[in-house]
Every structure is written in structure tokens, then in C-alpha cells.
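Working through the structure, step by step
Each chain, letter by letter, is given below.
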Amino acid sequence: MLWEEGEYPEKPEFGLIDRLRGLIKGLTLVVLIFGGLFVLILVRLVERPIYGLHRPWTPWIPQGVCAGTLKVMGIAYHAKGKRMDLHGTVVANHGSWLDIFVLNARKRAYFVSKSEVAKWPGIGWLAKATGTVFINRNPREAKAQQAVFESRLLAGHKLLFFPEGTSTDGKRVLPFKPTLFQAFFSPHLEHEVYIQPVTVVYRAPEDQEPRFYGWWGEMDFAPHLWQVLCARRQGSVTVIYHDPLKVDDFTGRKPLAAACEAAVRAGMEREVAG
């Protein structure tokens, strides 16, 4: 279900210099991202026979690539709070395709994504190679998804998903869907797993519309990427790490989802007000 509200912002116009800037940045990102993918595949060929599902080496590669991507784009990165070192999962609001780079730039995690992403050209290959967990948002598959979550979490992986179930304009937090939280109440997980809520707040460049980095509804990926690459100035993103919540302290998925949503929403309101 796509989120849509109001009209899409008008696309900014770019001159020749802006387009050249975008082209140079785009080519640099192609080399960085697919070069990192090549290195990851080579390292994984050695890592997998030794460690199996465990990945002690390869998560560092996407983290470096994501941090480098933000540098190439020129987007300033700020972090507040402490990253969770406990066994568990991260949940965050979802305002842009940039979230993937922003959230992986400082914290090694494996994203949980809808199954359709696996079929997307380019992005699907990257997602598979970096260990993304693909799911169908279908209640009939809840048991199978729970088994996948269990195996990955018990292997020490930190999963990361967006409970809103869709992306927004980056200026709000939608109600969190509790479905995926059920996986953490299995007998093997509920007594030892923590959930860390994280708020992501974008600030547009001074000369651009406030929703400049937002990507939602029927917006196409390629034009939005080009818009970001061509911008003369860039804005910033702030990532706020909230206190982890222990699954064992909640009676079920709905109270846990509500607590995570409240933390993320409060972080958004404080940051925007400040």
C-alpha cells in the first residue's frame, strides 16, 4: 500500500553545470557501489565455507560503501544517541531510498524488504548480495517469516525494517504496522532480543523544497536520484538512536509496535522543532 498525500513537489530545473555535476557524481557512485559489490562477492566466497550464515567480514564492506556514497553526494550526516550493541533488531521511519545508505553508514545491519525488490534490476542484485531478508506481507506466510527471522537473529545478525510499510515525504511518521513484530515473540527469541527505534530526519538544501529528499507514492527512482545528484547544494540527515526496548517487557506485538512508534515519532518532533 503506497502512501500519498497532497501534490508532488515540482521538479527543480538544472543547468549544464548542474547536469555535469550529476553525471560525475553518478559515475563515481557506479564505481563505488559495484566495485564494493565485487569485493563483497570475493570475500563472501571465502567467508561462507568457513562461517556459513554468520558474516563476520562482509558487513563492513556495505557499511563503507554507504558512508562513501553519502560523501560523494555531499549530504552531511549527523548522529545522536548510542548504537545498540545488544542482540536484536532496528526499526526506523521510512522517508526515502536514501534511508538504506543513511542507516547502513554507521551501523552494520541486514535490511528486511518486500519480495518485489529482489526482482528490481541492479538494486535487487545489491540487496541479495548484502544479505537482505525478503518477505511477503501476507499473514498466511507469518510462520515462515518467523522462522527466517529466528535463524538470522540467532546467527547474530542485526535486522532492520520499516514498520510503516511504505515510504513518506520524510516529514512525518505513519502508524507502525505490528505484523512483523510478532516474529520476536517466539520462545527462542523473546527473552533475549531487543528492538532499537531509530528516527531519520532529512533537511533539504536551503534553495530546495522541504520534501526534497522524500521519495514516496508513484515517484520514479531514477529521476529522483538524478535530482539529488544534480543539486548545487546538499542538505543533511540526522539519525537518532533511541534506547533499546526489551521484547520480554511487552505483552505482545501491538504494545511493542506502539512503543517503537512513539519513540520514533517523538524523535522526529523534537528534531524538527529544534
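Just above, that's the structure.
Residues numbered from 1 in each chain as written. Predicted model: local features only at pLDDT ≥ 70, side-chain atom pairs only at ≥ 80, totals over all residues. Heavy atoms only, no water.

The subject of this paragraph is the side chain of His 224. Residue position: His 224 is located in helix H6 (residues 221–230). You can call His 224 buried: its relative accessible area is 3%. There is a polar contact of 2.8 Å between the side chain of His 224 and the side chain of Trp 97. Polar side-chain contacts of His 224 include one of 2.9 Å to the backbone oxygen of Gly 214. Apart from residues lying up to four places away in sequence, His 224 is in contact with Trp 97, Phe 212, Tyr 213, Gly 214, Trp 215 and Met 219. (Helix = DSSP H or I, 4+ residues; strand = E, 2+ residues; numbered from the N terminus. Buried < 20%, exposed > 50% of the residue type's maximum accessible area, 1.4 Å probe, protein only. Polar contact = N/O pair within 3.5 Å; in protein donor to acceptor, adjacent residues only side chain to side chain. Contact = heavy atoms within 4.5 Å.)

Taking 1.5 Å of rise per residue, the 21 residues of helix H7 (residues 253–273) would be expected to cover 30 Å, and the 30 Å separating its terminal C-alpha atoms lies within 8% of that figure. Among the structural elements, strand S1 (76–80), strand S2 (88–92), strand S6 (194–203), strand S7 (236–241) and strand S8 (245–246) are those in contact with the buried residues of H7. (Expected span 1.5 Å × (residues − 1).)

Attention shifts here to the packing of aromatic side chains. The description of an aromatic ring pair rests on the distance of the ring centres and on the angle between the ring planes. Scanning all chains against the criterion turns up 13 aromatic pairs. Each ring, one from Tyr 202 and one from Tyr 213, has its centre 5.8 Å from the other, and the planes form 40°; the classification is tilted. Of this pair, Tyr 202 sits in strand S6 while Tyr 213 sits in the loop between S6 and H6, placing them 11 residues apart in sequence. One exposure class covers both Tyr 202 and Tyr 213, and it is buried. In this structure an aromatic cluster arises from ring pairing among Trp 97, Phe 101, Trp 215 and Phe 221. The cationic tip of Arg 108 hangs over the ring face of Trp 60; the distance from NZ or CZ to the ring centre is 3.6 Å. The ring of Tyr 110 has Arg 152 lying over it, and the distance from NZ or CZ to the ring centre is 5.1 Å. (Phe/Tyr/Trp six-rings, centres within 6.5 Å; stacked < 30°, edge-to-face > 60°. Lys NZ or Arg CZ within 6 Å of the ring centre and 35° of its normal.)

This next bit is on the pairing of strand S3 (residues 110–114). With four of five residues buried, S3 lies mostly within the body of the structure. Both S3 and strand S4 (residues 133–135) contribute to a ladder of three bridges, which runs parallel. Across the sheet, Val 112 pairs through a bridge with Val 133, a residue of S4. (Pairing = 2+ DSSP bridges.)

Attention shifts here to a nonpolar patch on the surface. Judged by side-chain polarity, Phe 38, Val 39, Ile 41, Leu 42, Leu 45, Val 46, Ile 50, Tyr 51 and Trp 57 come together as a nonpolar surface patch covering roughly 860 Å² of accessible area. Taking relative accessible area as the criterion, Val 39 reaches 40% and is therefore assigned partly exposed. (Patch = residues over 30% accessible without salt bridge, like charges linked within 9 Å, V, L, I, M, F, W, Y side chains within 5 Å. Areas by Shrake-Rupley, 256 points an atom, 1.4 Å probe, with all protein chains shown as cover. Salt bridge = Lys/Arg side-chain N within 4 Å of Asp/Glu carboxyl O.)

Counting residues in hydrophobic clusters, the biggest one holds 39 residues, and the most contacted among them are Met 73, Ile 75 and Leu 103. Going through the elements one at a time, helix H1 (16–51), helix H2 (60–73), S2, helix H3 (99–104), S6, H6 and S7 are the ones with two or more residues in this core. In terms of residues, this core owes the most to one element, H2, which gives five residues. If we ignore the near neighbours within four places in the chain, the residues touching Met 73 are Lys 25, Leu 29, Trp 97, Leu 98, Leu 225, Val 228, Leu 229 and Gln 234. (Core = buried A, V, L, I, M, F, W, Y, C linked by side-chain atoms within 4.5 Å.)

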